[in-house]
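# A look at the structure
What follows is each chain in one-letter form.
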Amino acid sequence: MQEVNVGIIGLGNVGSGTLAILTENAEQIALKLGFPLRVKALCSRSIGAKRETTGSVLRTGDWREVVAHPEVDIVAELVGGTTAAREIIDAAIAHKKSVVTANKELMAQCGAEIWDRAIAAGINLAMEASVAGGIPIHTVLREGISGDRVTTLYGILNGTSNYILTEIEKHGSSFDHVLKEAQRLGYAEADPSADVDGYDARSKLAILAALAFGEKITPSDIYTEGIRRILPLDFLYAHKLGHTIRLICGAHQTPSGLILSVRPALIPQSTILAGVQGAYNAVWVRGKYGEDTFYYGRGAGAAPTGVAVVSDLMRVAREIRCGSPERVSPFAHERLGEYQPIPVTLQHSAYYLRFRVVDRPGIIASLAAVLADKQISLEAVLQLPSDNPRDLPFVITVEPTSEQSIREALAQMSEHDFLVEPPLAMPMEKSL
């Protein structure tokens, strides 16, 4: 059967990994497909510095040459971002080229429109590598468990944040110290904001929630909070409570609608997500019929993400050569009511409240009075030994209450002059 040709735009971490797999594993790929999958064009701004051995291919710094190449069947957009990447994908669709992308930010923001244009043009679009690196979670949600009705999805979707949190937990190091080490090792970018402030994970959750719940989700639907305020002492208190701390991406169906959030949360140490450490990702899904399933693997990196890209290229190549049924956009659904996103303030949960105060009599009584005023039941007070009365930490846990009540209580508490910093609140997840 005639070969299918690929043009790769972007030879950074993911692009280089993809090219290496296509080159080194070409024989096995051809055996699995029944025909060769050839790299016909490469594009990078630093193409002259690249030394990959790929045979006779077009090598260019202008992506337009790849998109317009008459022999390229599939364009792999691996540059990231939302500006040039959008132009590349739009141009590929206009040229009737199928597209494979790893771009979670662009697909979270503009996926619905891009899918509509791809379907109208009659070309194939694949984006498995946009979420969770080497974990084939798109395929799971769209095909593997599509017969179920998802009610809850929780994930650890940012390897950088998970690495930082687990290193703080293991070694008691500060956030700033672990972040610098993560940057040195290549786990974190020079500007780590997208990772540590939750925005990368938010884009991924927007995509997964659309797949899982059949609902139009945009990043603005998702409450987002990062991990910068997490201290080593938070893990000490969490362990006392039988919990640990992870940046949790949550999508939970309630009778009123879908609650979506990306935020640090306490999760029981007995749960499977608590064991996800380092730069790994994981997704836990609960269905109405099939109940619990769990997916785990490398969330980033040249090889794991490259595997996802190459697998998408193989699927699209097979569809090009063998024909494929009409594909349904994961973003094609209208608001369905019961799955419509609702404010996170409607969430009910137990909460962990951490305080740092200048010690003096009556502090607990003052804070308890605020909780009582908001109809919040105090569960426990924990205070580990400290020799610094000018910065004394302690924790209050409360019975399940609404996020709105907690926010109102924290706003009132923040007016007290004994606080060293505003209180830190994290939900204590029980449903995992």
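For the structure given in this document, a descriptive report is provided here. Treat the numbers as computed from the prediction; the structure is a model and nothing was measured.

## Examining the overall build of the protein chain
A count of helical and extended segments in the protein chain gives 14 helices and 17 strands. Referenced to the eigenvectors of the C-alpha coordinate spread, the extents of the protein chain come out at roughly 80 × 45 × 35 Å. Burial status across the protein chain gives 53% buried among its 432 residues. Restricting to contacts in the protein chain with at least 6 residues of sequence separation, those with at least 24 account for 74%. For the protein chain, the accessible area works out to roughly 18300 Å², and carbon and sulfur atoms hold 49% of it. Across the protein chain, the 41 positively charged side chains and the 49 negatively charged ones have centroids separated by 3 Å.

## Focus: a nonpolar patch on the surface
On the surface, I364, L378 and V381 cluster together to form a nonpolar patch covering roughly 210 Å² of accessible area. You can see V381 is positioned in strand β15 (residues 378-382).

## Re the sheet that holds strand β4 (residues 74-77)
Here six strands make up an open sheet; going across it, the order is β3-β2-β1-β4-β5-β6 and the pairing parallel. At either end of the open sheet lies a strand with only one pairing partner, and these are β3 (58-60) and β6 (125-126). Sheet analysis places strand β1 (residues 4-9) next to strand β2 (residues 37-43), joined by six bridges and oriented parallel. Residue pairing across strands places V4 opposite L37, the latter belonging to β2. Of the strands in this sheet, β1 and β2 are in contact with helix α1 (residues 13-24), which crosses β2 at around 150°.

## Let's talk about the environment of G301
For G301, the position within the fold is in the loop between β12 (291-298) and α12 (302-322). On the accessibility criterion, G301 (26% relative accessible area) is partly exposed. C-alpha of G301 to C-alpha of P192: the two residues are 109 residues apart in sequence and 16 Å apart in space. With residues up to four places along the chain from it excluded, the contact list for G301 reads N13 and G306.

## Here's the deal with the side chain of D234
Within the element layout of this structure, D234 appears in helix α11 (residues 232-240). A distance of 2.9 Å separates the side chain of D234 from the backbone nitrogen of L231, its partner in a polar contact. Excluding residues within four positions of it along the chain, D234 makes contact with R229, I245, Y352, R354 and L424.

## Regarding the packing of aromatic side chains
In total, this model carries four aromatic pairs according to the counting rule given. Above the plane of the ring of Y223 lies R407, whose end atom (NZ or CZ) is 4.8 Å from the centre.

## Let's talk about the pairing of strand β11 (residues 280-287)
The buried fraction of β11 is high, at six of eight residues. As judged from the six bridges shared by strand β7 (residues 150-156) and β11, these two strands associate in the antiparallel manner. When the sheet's bridge partners are listed, L153 is paired in β11 with V285. Where β11 lies against β12, eight bridges are found, and the strand directions are antiparallel. By the bridge assignment for β12, V283 is matched with Y295. Linking β11 to β12, which pair antiparallel, is a turn of three residues.

## What to know about the pattern of salt bridges
Side chains bearing opposite charge may pair, as long as their charged atoms lie close to each other. All chains considered together, the criterion is met by 24 salt bridges. One salt bridge connects E421 with R229, and the closest N-O pair in it is separated by 3.3 Å. Of the two residues, E421 is situated in the loop between α14 (403-413) and β17 (424-428) and R229 in the loop between β8 (223-224) and α11; the sequence distance between them amounts to 192 residues. Note that R263 is salt-bridged to E403, the shortest N-O span being 3.1 Å. Here R263, found in strand β10 (residues 257-268), pairs with E403, found in helix α14; they are 140 residues apart in sequence, far enough to count as distant. E403 sits in the buried class, given a relative accessible area of 3%.

Reading the values: rules and limits
- Residues numbered from 1 in each chain as written.
- Predicted model: local features only at pLDDT ≥ 70, side-chain atom pairs only at ≥ 80, totals over all residues.
- Heavy atoms only, no water.
- Helix = DSSP H or I, 4+ residues; strand = E, 2+ residues; numbered from the N terminus.
- Buried < 20%, exposed > 50% of the residue type's maximum accessible area, 1.4 Å probe, protein only.
- Contact = heavy atoms within 4.5 Å.
- Areas by Shrake-Rupley, 256 points an atom, 1.4 Å probe, with all protein chains shown as cover.
- Lys, Arg positive; Asp, Glu negative; His and termini not counted.
- Charge placed at Lys NZ, Arg CZ, Asp CG, Glu CD.
- Patch = residues over 30% accessible without salt bridge, like charges linked within 9 Å, V, L, I, M, F, W, Y side chains within 5 Å.
- Salt bridge = Lys/Arg side-chain N within 4 Å of Asp/Glu carboxyl O.
- Pairing = 2+ DSSP bridges.
- Axes fitted to C-alpha atoms, helices over the stretch in contact; angles between N-to-C directions.
- Polar contact = N/O pair within 3.5 Å; in protein donor to acceptor, adjacent residues only side chain to side chain.
- Phe/Tyr/Trp six-rings, centres within 6.5 Å; stacked < 30°, edge-to-face > 60°.
- Lys NZ or Arg CZ within 6 Å of the ring centre and 35° of its normal.

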